[in-house]
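# Geometric and topological summary
Listed here are the chains, written in short residue letters.
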Amino acid sequence: MAVTAAGRRLRVRVGGTVQGVGFRPFVYRLADELSLGGWVLNDTLGVLIEVEGSAPAVARFLERLGAEAPPLASIERIAPEELAPRGEAGFRILASEERGEPAAPVSPDSATCADCLAELFDPGNRRHRYPFVNCTNCGPRFTIVEGVPYDRPLTTMSGFEMCEACRAEYENPLDRRFHAQPNACPVCGPRARLLGRDGMDMAATGSGDAVAAAAAALGEGQIVAVKGLGGYHLACRADDEGAVAALRSRKHREEKPFAVMVGGVAQARALAEIGAEEELLVSRERPIVLCPSRPDADLAAAVAPRSRELGLMLPYTPLHHILLADCGVPLVMTSGNVSDEPIAFRDEEAMASLASIADLFLVHDRPIHIRTDDSVVRSVSVGGSRAPLMLRRSRGFVPRSIELPVETPRPLIACGAELKNTFCLVKGGRAWVGHHIGDLENYETLRSFGEGVEHFQRLFAIEPELCAHDLHPEYLSTKYAQEREGVELVGVQHHHAHLAACLAEHGETGRALGVVYDGTGFGADGTVWGGELLAGSVRDFERAGHLWPVVLPGGRAAIREPWRMACAWSVAALGALPEVPAALASAVDARDWRNCGELVGRGIGSPATTSMGRLFDAVGALCGAAPRVSYEGQAAVELEAMADAGEGGLYEMPLIPGGGEPAESVPAVLDPRPMVRSVLADIGAGTAPALVAARFHNTVAAATAHGCAELARRLGLDRVVLSGGVFQNRRLLEQTASLVRAADLRVLVPERLPPNDGGISFGQAAVAAARFGA
């Protein structure tokens, strides 16, 4: 290329998720098309480009650089710098440079693309039925990366030397596998094997096709542990009642619904009503999507007992695609773990911990570097349109960064809560919320938490100086913070973190009224909060209102046994202990009921709580839903499923005004006692539980919206945050948001993070950044 006198040369720094997504070959092709000279390379900050040619061509290059970027790229900034032209002809891709602190985001894992799928099922292609086909547009990323820049030697593919054909693809800038770090084929790449519990290769004596052999075993009703992207699944036929029951029994997962993997959207439509959910199902993140189930679905009843929804997901690895195609039926795909432990991801630990559950193990020899569970979302209507509500943010979304509205002057870590734990690391104005860890209630999960923190610190070169944590002194996340050396601790109240997380996600730094409804959280006054109306910002808050307090009879026992909360609320509403309600008569002994009533009266070992989650438990138990639970939130989940969609009736739930001196020093109180009296009367009169459940939902939504309108007017606020685990309830969230908007208030709900405790770490980080920032 001849450079004219009107030539122009630029150095262009591109930041964001631009490594491992085909960005350099895209730049190469774009420069070649525009007859530009120069080079492109990866470094620890992202991608660096120097480009030279005619001024119009260079200008077009800049315009198209962001507009036509590869599908997996997420560009956060493009910073051009003018340089003197050198007369350089031809464009090159240079070797990666390792200089300075890593700041280039790592791409999340991505579902198999259409081009790779076509090769996978093409009998004439050299990768036909190869379970690890991938390219720069799809495949493993986060779960195999060990360091940055993202190059093969710093991934778990480093032990696989490419064959001549794969190397040619890898080195050809015009090939879609150019610098695809996991690039492989049957000749040189990872291989799948089907093992028995004793480690014997079960496919060696048959066709040699491990996936086909696994599919045949599944078809016969066996349970197979399947190694995926971020860990193991436990799989069985979803239409086989015996297989599903065996899986429940062996896994000790009595009632919590299982996720189901379907071969495609058509198969999903045979099981569930698919509307806006389709876009979520086919997205490259491939989360589990909660969909309204069809009554005629050909599924074992034990897949999702007492639920009106199914958690569906589409295959997201080539191995999954082959397995589903060979089976021809939907498969249960649940986390490969014993209940309450983290998902197994190392082969030896999976063989040991899952041997009592799985009959066979479909494994492969590509190591997983970091365990990552499936993400979970549902579609909700908030603000007049359908939008995803994140319930668990993990595979497919992590480790995308989220911008904070306030930069932290010192790097920090936020340790999250106890349940649904995540951690968050922050440098400057960028936050990295970690993958779903689970409930920090045992050593195994705490070890997983520590490993995740260390990995993120290495990836993003963060050495925290501040450490934000929950106020609860007994949380393992709090103890971790207190034992961490060389950091300044920042305690953040649990419900303030919920409020701050939503505000920060939306880039808001001003004050809002936060409605935070969840199970329990340690309050600023040392009591158990959970039904909170907070006036505050990312920096601070005041308690503007709360739910009427009742006791937790027996403390944590009341969480495991919602009938205890039914007892507590019955006493609070009636002023005396009634007889055992009809819905509980077969589940609760009369003597236990009386003993619980005595605990309520005396308050011994029974702290007071304002928890909205426990109110849902109480009404759920009164309506016959889960007097004892086998998983967190079960009574509330079943109460939502029970509610009659067409019922519009309401009970009474007044707002008792606050006030006091100094002004507004006494919080307002939402009083559910009249509602509970009506619930008891309706149940006693034989009213259908579905109608009672619906009226309860309607009442909580209406009372919340009324309380928001009153408090917002009194406090001069114009926006309302709805967050906390209770707002995972689609009916409650949609109704409340609609009524609050009707009061001319702006509604903010979590979008990129869960409303449950999975978003707490980001909120803690936002509070710490605001307190120590400008």
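Scroll up a little and you will see the structure.
This section reports on the structure supplied with the text. (Residues numbered from 1 in each chain as written. Predicted model: local features only at pLDDT ≥ 70, side-chain atom pairs only at ≥ 80, totals over all residues. Heavy atoms only, no water.)

### Quick notes on the sheet that holds strand E11 (residues 309-313)
- Strand order in the open sheet made by the 10 strands is E6-E13-E7-E8-E12-E9-E11-E10-E14-E15, with mixed pairing throughout. The two strands at the open ends of the sheet, each matched to only one other strand, are strand E6 (192-196) and strand E15 (386-392). On average, each strand axis in the sheet is tilted by 35° relative to the strand beside it, whichever way the strands run.
- Both strand E10 (residues 288-292) and strand E14 (residues 376-381) contribute to a ladder of three bridges, which runs parallel. Its bridge partner being in E14, Leu 290 is matched across the sheet by Arg 378.
- Contacting E6, strand E7 (224-227), strand E8 (232-237), strand E12 (331-335) and strand E13 (360-364), helix H5 (residues 210-219) crosses the sheet at an angle of about 40° to E6.
- The sheet contacts of helix H9 (residues 318-327) involve E7, E8, strand E9 (259-261), E12 and E13, and relative to E12 the element is tilted by about 145°. (Pairing = 2+ DSSP bridges. Helix = DSSP H or I, 4+ residues; strand = E, 2+ residues; numbered from the N terminus. Axes fitted to C-alpha atoms, helices over the stretch in contact; angles between N-to-C directions. Contact = heavy atoms within 4.5 Å.)

### Concerning the packing of aromatic side chains
- Per the stated rule, a full pass over the model turns up 13 aromatic pairs.
- Taking the centre distance of 4.9 Å and the plane angle of 85° together, the rings of Phe 449 and Tyr 480 count as edge-to-face. With Phe 449 in helix H11 (residues 443-460) and Tyr 480 in helix H12 (residues 476-483), the pair connects residues that are 31 residues apart, well separated along the chain. Here Phe 449 matches Tyr 480 in class, with each residue buried.
- Their ring planes at 85° and their centres at 6.4 Å tell us that Trp 529 and Phe 541 sit as a pair that is edge-to-face. Of this pair, Trp 529 sits in strand E21 (residues 528-536) while Phe 541 is found in strand E22 (residues 541-547), placing the two residues 12 residues apart along the sequence.
- In this structure, Arg 248 is placed above the aromatic ring of Phe 258, and the distance from its NZ or CZ to the ring centre is 4.1 Å.
- The ring of Tyr 316 is capped by Arg 395, whose NZ or CZ atom sits 3.5 Å from the centre of that ring. (Phe/Tyr/Trp six-rings, centres within 6.5 Å; stacked < 30°, edge-to-face > 60°. Buried < 20%, exposed > 50% of the residue type's maximum accessible area, 1.4 Å probe, protein only. Lys NZ or Arg CZ within 6 Å of the ring centre and 35° of its normal.)

### Looking at the layout of surface pockets
- Within this model, the second largest pocket holds a volume of roughly 480 Å³.
- As for the second largest pocket, its lining consists of 25 residues, and the residues nearest its centre are Glu 285, Arg 393, Phe 397, Arg 400 and Arg 752.
- Where the lining of the second largest pocket is concerned, the elements lending two or more residues are strand E4 (74-83), E15 and strand E16 (401-414).
- Here the lining of the second largest pocket is built from residues that sort into nine nonpolar, seven polar and nine charged. (1 Å grid on protein atoms, 1.4 Å probe; cavity = no way out; pocket = protein on both sides within 12 Å on 5 of 7 lines; lining within 4 Å. Points joined across faces, edges and corners; volume = space filled by probe spheres on them. Nonpolar A, V, L, I, M, F, W, Y, C, P; charged D, E, K, R; others polar.)

### Points about the sheet that holds strand E3 (residues 46-54)
- One open sheet holds the five strands; their spatial order is E4-E1-E3-E2-E5, and the pairing between them is mixed. With partners counted over all chains shown, the strands left at the sheet margins are E4 and strand E5 (91-93), one partner each. With strand direction ignored, the average angle separating the axes of adjacent strands in the sheet is 15°.
- Together, strand E1 (7-17), strand E2 (37-43), E3, E4 and E5 form the strand contacts of helix H1 (residues 23-33), whose direction differs from that of E5 by roughly 170°.

### Some remarks on the pattern of salt bridges
- Counted under the stated rule, the structure contains 57 salt bridges.
- The salt bridge involving Arg 447 is made with Glu 349; its shortest N-O contact spans 3.9 Å. Here Arg 447 is found in helix H11, whereas its partner Glu 349 is found in helix H10 (residues 347-353), with 98 residues between them in sequence.
- The exposure class assigned to Arg 447 is partly exposed, which follows from its relative accessible area of 32%.
- For Glu 561, the salt bridge identified is with Arg 628, shortest N-O distance 3.8 Å. Within this pair, whereas Glu 561 is found in the loop between helix H14 (557-560) and helix H15 (562-574), its partner Arg 628 is found in the loop between helix H17 (612-622) and helix H18 (634-642), the two being separated by 67 residues in sequence.
- Each of Arg 9, Arg 11, Glu 50, Glu 52, Arg 86, Glu 88 and Arg 92 takes part in salt bridges that share partners, so that together they form one network. (Salt bridge = Lys/Arg side-chain N within 4 Å of Asp/Glu carboxyl O.)

### Here we look at the environment of Gly 159
- Locating Gly 159 in the fold gives a position in the loop between helix H3 (114-120) and helix H4 (164-171).
- The class for Gly 159 is exposed, based on a relative accessible area of 69%.
- Residues Gly 159 and Leu 622, spaced 463 residues apart in sequence, show a C-alpha to C-alpha distance of 59 Å.

### Brief notes about empty space enclosed by the protein
- Counted according to the given criterion, the structure contains five cavities of 30 Å³ or more.
- Approximately 100 Å³ is the volume attributed to the largest cavity.
- Surrounding the largest cavity, 17 residues form its lining, Pro 131, Leu 229, Thr 317, Pro 318 and Arg 366 being those nearest its centre.
- In terms of residue class, the lining of the largest cavity is made up of eight nonpolar, seven polar and two charged.
- In this structure, the second largest cavity occupies an estimated 70 Å³ of space.
- Contributing to the lining of the second largest cavity are 14 residues, with Gly 20, Val 21, Gly 22, Arg 24 and His 179 lying nearest its centre.

### Quick notes on unusual backbone geometry
- A cis amide bond, omega 15°, links Val 398 with the succeeding residue Pro 399.
- Inspection of the secondary structure puts Pro 399 in the loop between E15 and E16.
- Even without glycine at this site, Ala 626 takes up a positive phi of about 50°.
- Relative to the helices and strands, Ala 626 is located in the loop between H17 and H18.

### Here's the deal with helix H20 (residues 689-715)
- For H20, which comprises 27 residues, the first-to-last C-alpha distance of 38 Å matches the rise-based estimate of 39 Å (1.5 Å per residue) to within 8%.
- The first or second residue beyond H20 is Gly 716, which carries a positive phi of 70°. (Expected span 1.5 Å × (residues − 1).)

### Re the nonpolar core
- With 109 residues, the main nonpolar core has Leu 323, Tyr 517, Met 612, Leu 615 and Leu 722 as its most contacted residues.
- Ranked by residue count, the leading element in this core is H20, at 11 residues.
- Contact partners of Leu 323, with chain neighbours within four places excluded, come to Val 211, Ala 214, Ala 215, Leu 218, Val 226, Leu 331 and Met 333.
- In terms of nonpolar packing, the next biggest core, distinct from the first, is built from 43 residues, Ile 223, Leu 271, Cys 291 and Phe 397 among them. (Core = buried A, V, L, I, M, F, W, Y, C linked by side-chain atoms within 4.5 Å.)

### Considerations on H5
- All of the buried residues along H5 are Ala 210, Val 211, Ala 214, Ala 215, Ala 217 and Leu 218. In an axial view of H5, the angular spread of the buried residues amounts to 160°, which keeps them on one side of the axis.
- Residues of H5 that are buried in the fold lie against E6, E7, E8, H9, E12 and E13.
- Capping the start of H5, Asp 209 holds a side-chain oxygen 3.2 Å from the backbone nitrogen of Val 211, two or three residues further along.
- Downstream of H5 by a residue or two, Gly 221 has a phi angle that is positive, lying close to 95°. (Arc of directions from axis to C-beta. Polar contact = N/O pair within 3.5 Å; in protein donor to acceptor, adjacent residues only side chain to side chain.)

### Details of the side chain of Arg 719
- Here Arg 719 is to be found in strand E27 (residues 719-723).
- Within the structure, the side chain of Arg 719 is placed 3.1 Å from the side chain of Asp 718, a separation counted as a polar contact.
- Residues within four places of Arg 719 in sequence aside, it is in contact with Glu 508, Arg 511, Ala 512, Leu 513, Arg 746 and Leu 748.

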